Amino acid sequence: MKHYKIEKEKGRLWLIEDAYSPLFEEKTEAIFAQCNGYMGVRAAHPFLSIEEKRGMFLRGAFDKAYDDEATELVNCPDVTWFGLEINEEKLHTDSTKMLSCERRLDVLSGELQIRYVFELALGRKAEVECRRFASADDRHLFLQSYRVRLNGGEPGDIRISTGINGQITNSGVSHFHSVSERVYDREIMESIGKLKKNAVVVLTQCTSGDSKPSKTDFVLKRRSIYGTYCFDGVIEVEICKVSVVFQTGEMDGDKACGHVRRASEKGYDRLFHEHVSAMRKFWEQAGIRIRGMSVEQEAAVCFSQYHIFGMTPYDTEEFSIAAKGLTGEGYKGHVFWDTEIFLFPFWLHVCPEQAKRLLGFRYIGLDGARKKAKDYGYKGAMFPWEAAGTGEEETPLYAALNIHTGKANKVWSGIKEYHVTADIVYAVERYYEVTGNWKFMEKRGYEIIFEAARFWVSCAEKDEKTGMYVIRDVIGPDEYTEHVDNNAYTNYMAAFCVKIARKYAVLLKKEKPVLFEALDKKTGVSGELDTWERFLKGIYLPQPDRNGIIPQDDTFLSKPMLKNIEKYRSARMKQAILLDYSREEIVNMQVLKQADVVMLMNLFPWLFMEETVRKNVLFYEKRTVHDSSLSYCAYAQASAHIGDREAAEKFFENALFVDLNDNPLVSGDGIHAASMGGVWNCLIYGFAGVWYEKGKLSVRPHLPDTWQEMEFKLIVRGIRIRFCISHQGIIMESEAKLESSIHVEAEGKEYEFQGYLNISRKREGREEWNKRQREPSLTWMG
Ligand code: BGC
């Protein structure tokens, strides 16, 4: 990492871009964005710049501009622009001489600071400093402080213009069919942008402490409103700009002005203090302290957690996490399997309530998923590959150019990438395992599982030759391989889904007949039990071949390898392979966009022998371009899990810097949310080796040699447990009394705890661990 520097000071950890860089503009805007789970504001300069892609995204502010376009997260009116004139000279990043420019993000608080020194006509200098944060204490609040100081001691006339700009579009598409503005009491500006289903309301007020402007003018333009604040004969001016942002139904419109005023009275510093207290609570629960990491790695870990906090809708189950969080237009704000498989584990162990809300989003979407299944001729529920604010499919039909035909390629994921339906079930089951929340299962969980199982069984076919159930014509996690039969990941996940569905159905029928009957009415589960049993006996689960490789699908191993894979692995542009080959050509080669079989190994860490994992990681990684950000973290986790430290550290380093790397061509349209979750999974499940399943908490760490100690807290069965893992020992302590007994396995030694959990033990050597390696346990498939 060269472009971004790191600076640590008490309670702050800064990522710094220390020069004005049009090349990195879009990327820095996205990765330095202010996000608080309600809003995400890109870190654009306060001045207009040609390269900018200014944006504010609100969770749930979706709209479909035209019938043939996908529903997308709307780029909302901007409040970050400030126009500046000093002694009638207009300042501009692209035309005024800039002596210095620095943009810095504190990854602990999420505060952004931008500082410039400009050289004005006649050689005078002016310093401009802009600070911003999206409040974690009051999520509708966005704060900015804008300070201008004239150097040299000679006063001047300073005019600052700022307001609300509703001319913003999503890459040229305006979603607001009307924007109305007004000013209250010559103080507070308001803009109401109407979407098809709701409206985005922004109110903003600028105050300047004791230095009152000599004149304030408000100007209303088409879809924008701003005030110009004139300060005559001054050396320094500081404006505090408070913006309150909400959507219809979230706040009483009449009270919004009062909200703005009260916040303005408090001012930037006090509100920042309140915000930091709220962030501190997050860090107390989520922070991971690793001694021995480089400061860059430490900053990258905190950076990923800051964004996980900021991308997750905090108060509702009506929306979920977008693949780019709230930092850009990429993937149109849609929700993918990224949420359940990559990000969900973090919330499951840090704030199970939040994890439950993410599952709630899928439950609300069940009807949409039922409809999709029906439309495709299947039973049960087929969840959308891409979701927006409902359970309906939102994947666009065409994207990326086919270099041979000159036309856009068809996107098959929305039609054929079935595995998301099992991924959601996997998350439901993990939630139940880790929390034991049976009420959730009774109200929602079982229904999701049963409907998903019905889907899987209805889309499997009996193979004439083998008599086994097969799943044909799918796309697995590796999206460079389309229209294949028996993708291993998909088949195993489908089997897992049907297996637990059957287990629960049989159990409920016996032990909770009333509940079973109610669920039966909704899902027709009683008529499925025999079919499910047959499916489980006959489903084809690809096994390791004589080289220990699990075939990714029926034909993968018979295809030729892509010869010049290095060219694409090292290309600055992601998916550069599509510039040389059409999708059809890629499909017929052994080349992976991202981890596939290895993903399966991560989800079921005890299913395969270490040796099998090792062989598959090696085999498939050689064939993987890592054109998806979901890839490095997956290989890192699998390698850490089996103790291949060298490989784990290499892949982990790549995963950590998926956004913070020196490639200006990535992340411009938003950060890579899944990879941030993947970093956490790799740290906790991989390096720390912590896993809770079937009532047993196991800890089998594989720390990199350079790390001395890892300390973190996880919630298991409602109790927060503190872990401290080093090369010498493992310490585990519960913060409160356990509600029920817990079984712990720390590197082979078994413990049973009631009351408080407390372990402090020395670690065993690697050889003893190797000796205890188990045989594979494929029996779980039933
Ligand atoms: C990946 C998918 C992922 C999506 C959103 C695609 O490039 O192939 O696995 O879900 O990005 O992050």
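Residues numbered from 1 in each chain as written. Predicted model: local features only at pLDDT ≥ 70, side-chain atom pairs only at ≥ 80, totals over all residues. Heavy atoms only, no water.

## With respect to empty space enclosed by the protein
Next, step 1: This model, assessed by the stated rule, comprises five cavities of 30 Å³ or more.
Next, step 2: In terms of lining, the largest cavity is formed by 18 residues, of which the most central are Ile341, Pro345, Leu603, Asn681 and Tyr685.
Next, step 3: Elements with a contribution of two residues or more to the lining of the largest cavity: helix H4 (338-350), helix H8 (420-435), helix H15 (597-603), helix H17 (631-641) and helix H19 (673-687).
Next, step 4: No other element matches H4, which puts six residues into the lining of the largest cavity.
Next, step 5: Split into classes, the residues belonging to the lining of the largest cavity amount to 12 nonpolar, four polar and two charged.
Next, step 6: Its boundaries defined by the atoms lining it, the second largest cavity holds a volume of some 120 Å³.
Next, step 7: The wall of the second largest cavity is formed by 14 residues, among which Pro605, Trp606, Gln637, His641 and Tyr685 lie closest to the centre. (1 Å grid on protein atoms, 1.4 Å probe; cavity = no way out; pocket = protein on both sides within 12 Å on 5 of 7 lines; lining within 4 Å. Points joined across faces, edges and corners; volume = space filled by probe spheres on them. Helix = DSSP H or I, 4+ residues; strand = E, 2+ residues; numbered from the N terminus. Nonpolar A, V, L, I, M, F, W, Y, C, P; charged D, E, K, R; others polar.)

## Concerning the UniProt feature "domain: Glycoside hydrolase family 65 central catalytic" (unreviewed entry) in the protein chain
Next, step 1: UniProt records the feature "domain: Glycoside hydrolase family 65 central catalytic" (unreviewed entry) for residues 304-681 in the present numbering.
Next, step 2: Split by type, residues 304-681 is 51% helix and 3% strand. Its first and last C-alpha atoms lie 12 Å apart. (UniProt positions renumbered as here; feature names shortened; annotations may be inferred.)

## Focus on helix H3 (residues 295-311)
Next, step 1: With 17 residues, H3 extends 24 Å from end C-alpha to end C-alpha; this agrees with the ideal 24 Å at 1.5 Å per step.
Next, step 2: Of all 17 residues making up H3, 14 are buried, and the element is well covered by its neighbours. (Expected span 1.5 Å × (residues − 1). Buried < 20%, exposed > 50% of the residue type's maximum accessible area, 1.4 Å probe, protein only.)

## A short note on the site of the ligand
Next, step 1: Around the ligand, the structure places Ala323, Tyr331, Phe336, Trp337, Asp338, Trp385, Glu479, Lys593, Gln594, Ser628 and Leu630.
Next, step 2: Within the contact set of the ligand, an oxygen atom lies 2.9 Å away from a side-chain nitrogen or oxygen of Tyr331.
Next, step 3: The separation between an oxygen atom of the ligand and a polar side-chain atom of Glu479 is 3.0 Å.
Next, step 4: Contact with the protein chains removes 94% of the 310 Å² of surface that the ligand exposes when unbound.
Next, step 5: Class assignment for the residues of the shell around the ligand results in six nonpolar, two polar and three charged. (Near = heavy atom within 4 Å. Polar contact = N/O pair within 3.5 Å; in protein donor to acceptor, adjacent residues only side chain to side chain. Areas by Shrake-Rupley, 256 points an atom, 1.4 Å probe, with all protein chains shown as cover.)

## Some words on the side chain of Asn198
Next, step 1: With respect to the element layout, Asn198 can be found in the loop between strand E16 (188-194) and strand E17 (199-207).
Next, step 2: When its relative accessible area of 18% is taken as the criterion, Asn198 is described as buried.
Next, step 3: A distance of 3.2 Å separates the side chain of Asn198 from the side chain of Gln247, its partner in a polar contact.
Next, step 4: For Asn198, the residues in contact, after removing those within four places along its chain, are Gly193, Gln247 and Thr248. (Contact = heavy atoms within 4.5 Å.)

## A few points about the packing of aromatic side chains
Next, step 1: For the structure on display, the rule yields 49 aromatic pairs.
Next, step 2: Aromatic side chains Tyr4 and Phe24 sit 6.2 Å apart centroid to centroid with 90° between the ring planes, which places their arrangement in the edge-to-face category. Of this pair, Tyr4 sits in the segment before strand E1 (5-9) while Phe24 sits in the loop between strand E2 (12-17) and helix H1 (25-31), and the two are 20 residues apart along the sequence. Each member of the pair Tyr4 and Phe24 is classed as buried. (Phe/Tyr/Trp six-rings, centres within 6.5 Å; stacked < 30°, edge-to-face > 60°.)

## Description of the pattern of salt bridges
Next, step 1: Per the counting criterion, the structure on display carries 66 salt bridges.
Next, step 2: The salt bridge partner of Lys215 is Asp217, with a shortest N-O separation of 2.8 Å.
Next, step 3: For Asp217, a relative accessible area of 31% gives the class partly exposed.
Next, step 4: Close ionic contact of Glu442 with Lys512 constitutes a salt bridge, the shortest N to O distance being 2.4 Å. Of this pair, Glu442 sits in helix H9 (residues 438-459) while Lys512 sits in the loop between helix H10 (488-511) and helix H11 (513-523), and the two are 70 residues apart along the sequence. (Salt bridge = Lys/Arg side-chain N within 4 Å of Asp/Glu carboxyl O.)

## Some details on the UniProt feature "active site" (unreviewed entry) in the protein chain
Next, step 1: If you check UniProt for "active site" (unreviewed entry), the listed places come out as Glu479 in our numbering.
Next, step 2: Its place among the elements puts Glu479 in the loop between strand E25 (469-470) and H10.
Next, step 3: Setting aside anything within four residues of it in sequence, one finds Glu479 in contact with Trp385, Ser413, Glu417, Arg583, Lys593 and Gln594.

## A word on unusual backbone geometry
Next, step 1: Phi angles above zero are rare outside glycine, and His626 is one such case at about 60°.
Next, step 2: As for its position among the elements, His626 is in the loop between helix H16 (610-622) and H17.
Next, step 3: Positive phi values are uncommon outside glycine, yet Lys694 reaches one of about 50°.
Next, step 4: Assignment of secondary structure puts Lys694 in the loop between strand E26 (690-693) and strand E27 (696-699).

## Let's talk about a negative patch on the surface
Next, step 1: A cluster of acidic residues, Glu296, Glu646, Glu649 and Glu653, forms a negative patch on the protein surface.
Next, step 2: Considering each element in turn, the negative patch owes the most residues, three residues, to helix H18 (residues 645-656).
Next, step 3: As for its placement among the helices and strands, Glu653 is situated in helix H18.
Next, step 4: Residue classification places Glu653 among the partly exposed residues on the basis of a relative accessible area of 32%. (Patch = residues over 30% accessible without salt bridge, like charges linked within 9 Å, V, L, I, M, F, W, Y side chains within 5 Å. Lys, Arg positive; Asp, Glu negative; His and termini not counted. Charge placed at Lys NZ, Arg CZ, Asp CG, Glu CD.)

## Here we look at the packing of helix H5 (residues 352-364) against H8
Next, step 1: Two elements in contact, H5 and H8, have axes whose closest approach is 11 Å; the angle formed by their N-to-C orientations is 150°. Every pair of crossing elements has a handedness; the one defined by H5 and H8 is left-handed. Note on element contacts: H8 touches H5 through Val420, Ile424, Ala427, Val428, Tyr431 and Thr435, opposite Pro352, Ala355, Lys356, Leu359 and Arg362.
Next, step 2: The residue inventory of the contact of H5 with H8, partitioned by class, reads eight nonpolar, one polar and two charged. (Axes fitted to C-alpha atoms, helices over the stretch in contact; angles between N-to-C directions. Left-handed = near helix turned anticlockwise from the far one by under 90°.)

## Some words on the sheet that holds strand E9 (residues 89-90)
Next, step 1: Taken in spatial order, the five strands of this open sheet run E9-E8-E14-E19-E18, and their pairing is antiparallel. Strands at the two margins of the open sheet, each flanked by one partner only, are E9 and strand E18 (215-221).
Next, step 2: Pairing analysis gives two bridges linking strand E8 (residues 82-86) to E9, with the strands arranged antiparallel. Within the sheet, the bridge partner assigned to Glu85 lies in E9 and is Lys90. (Pairing = 2+ DSSP bridges.)

## Description of the pairing of strand E29 (residues 719-726)
Next, step 1: Of all eight residues that make up E29, six are buried, and the element is covered over most of its length.
Next, step 2: The sheet contact formed by strand E28 (residues 709-716) and E29 spans eight bridges and is antiparallel. Each residue of the ladder has a partner; that of Ile715, found in E29, is Arg720.
Next, step 3: Between E28 and E29, which pair antiparallel and follow one another directly, the connecting turn spans two residues, one of which, Arg717, has a positive phi of 50°.
Next, step 4: Relative to strand E30 (residues 729-734), E29 is paired through five bridges, and the arrangement is antiparallel. Bridge pairing links Arg722 to Glu733 in E30.
Next, step 5: Connecting the antiparallel pair E29 and E30 is a turn made up of two residues.

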